[in-house]
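Structure assessment
The primary structure of each chain is shown beneath.
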Amino acid sequence: MQETKAIAEIRKAVKAWKQEGKTIGLVPTMGFLHEGHASLIKKCREDNDVVVVSDFVNPVQFGPAEDLEAYPRDFGRDSALCESLGVDMIFHPEPAEMYNDPHITVQVDTLNETLCGVTRPVHFGGVCTVVAKLFNIVSPDRAYFGEKDAQQLAIVKKMVIDLNFDITIVGCPIVREADGLARSSRNTYLNPEERQAALCLSRAVKKGQAVIGAGVEGETVLAPMRQEIEAEPLATIDYVQMVDALTMQPVARADGPVLVAMAVVVGKTRLIDNFSWSQDR
Ligand code: AMP
């Protein structure tokens, strides 16, 4: 496995792979890898000749009051995991390699105006900026994103269409702990009591899944979910919402494909979870 911090070096490798006619898959991550990331890497390994993982805590997707400094990092462990999963190259740049300030950022359209885009107004512009840069640096045939970050996945899919990237975006299912908690690098912030309290998110997902169906009103789905979270003293709801799966705009009923998503603060840690529903799924 190769490791590099340099854009020039990865470009050189990409050029050689392309000359050999190899297909390239990219898994963008912020590191501190867990089973969720591993599932994306495994799928990428199955689909492509070459697997590139980026491991970069992207400063421009964090708001001023967010956890950029505290975000967990362990490159040694990430590197060992990637090696064991058959990754060909890890790209682990320093912020100065990626950004010359001031720099141009990608602007997101209305998909940014609901769910996490409300509480984190700079987030998705920052995500799209780094993802567009990674796409230009790595020139992958396919790129892998988790459904855990469902709004991110929808926005990246839209960016690929709108900015004409010739890249297939592959969405991968949410990976959970045995007790239901969606895996996240941020779970490491939780103390044992908060870790237990955080189970209200996956319980709420189950409550919502149990009642959703064709034509069912949003409130019928969302009320039991909110109730589940409100019963947990350490949890505070940021949002629990049902939106159109493509446009991310709120919908009153489950008529077409929808995303039911939530953000909940447990202690001081903001966690997200969601489920998608469509008639044929
Ligand atoms: P992150 O390092 O948190 O930016 O995540 C990198 C990629 O891994 C994103 O596409 C995430 O959606 C995906 N991911 C993170 N956690 C999970 C999970 N529990 N299940 C599936 N994908 C995940």
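Scope of this entry: the structure provided in the associated data block. (Residues numbered from 1 in each chain as written. Predicted model: local features only at pLDDT ≥ 70, side-chain atom pairs only at ≥ 80, totals over all residues. Heavy atoms only, no water.)

**Description of the packing of aromatic side chains**
Geometrically, a pair of aromatic rings is defined through the distance of the ring centres and the angle of the planes. The line we're drawing: Working definition: a ring pair exists when centres of Phe, Tyr or Trp rings (six-membered ring for Trp) sit within 6.5 Å. Plane angles under 30 degrees give stacked, over 60 give edge-to-face, the rest tilted. For each residue, the accessible area found with a 1.4 Å probe, counting protein chains only, is set against the maximum for its type, and the residue is called buried under 20%, exposed over 50%, and partly exposed in between. Look at NZ for Lys and CZ for Arg. If either is within 6 Å of the ring centre and within 35 degrees of the ring normal, a charge sits over the ring.
Across all of its chains, the model carries 4 aromatic pairs by this definition. Here Phe 62 and Tyr 71 contribute two aromatic rings whose centre-to-centre distance is 5.9 Å and whose plane-to-plane angle is 75 degrees, an arrangement assigned as edge-to-face. Judged by relative accessible area, which is 7%, Tyr 71 ranks as buried. Put simply, the rings of Phe 135, Phe 145 and Phe 165 pair up and form one aromatic cluster. Here Arg 77 stacks its cationic end above the ring of Phe 32, 4.7 Å away from the centre of that ring.

**Quick look at the site of the ligand**
We apply this condition: For this description, a residue counts as near a given molecule or strand if any of its non-hydrogen atoms is within 4 Å of it. Throughout this description, a polar contact denotes any pair of N or O atoms lying within 3.5 Å of each other; where both atoms belong to protein, one of them has to be capable of donating a hydrogen while the other can accept it, and for residues adjacent in sequence the pair is counted only when both atoms sit in side chains. Note on areas: Shrake-Rupley with a 1.4 Å probe; residue coverage comes only from the protein chains shown. Counting from the N terminus, the helices are the DSSP runs of H or I reaching at least four residues and the strands are the DSSP runs of E reaching at least two.
By nearness alone, 17 residues border the ligand, and Met 30, His 37, Asp 149, Val 175 and Arg 183 come closest of all. Contact distances for the ligand include 2.9 Å between an oxygen atom and a backbone N or O atom of Met 30. Val 175 is positioned with one of its backbone polar atoms (N or O) 2.9 Å from a nitrogen atom of the ligand. For the ligand, the protein covers 93% of the area, taking 480 Å² as the surface of the free molecule. Listed by contribution, the elements that provide at least two residues to the shell around the ligand are strand S2 (24-29), helix H2 (35-47) and strand S5 (142-146).

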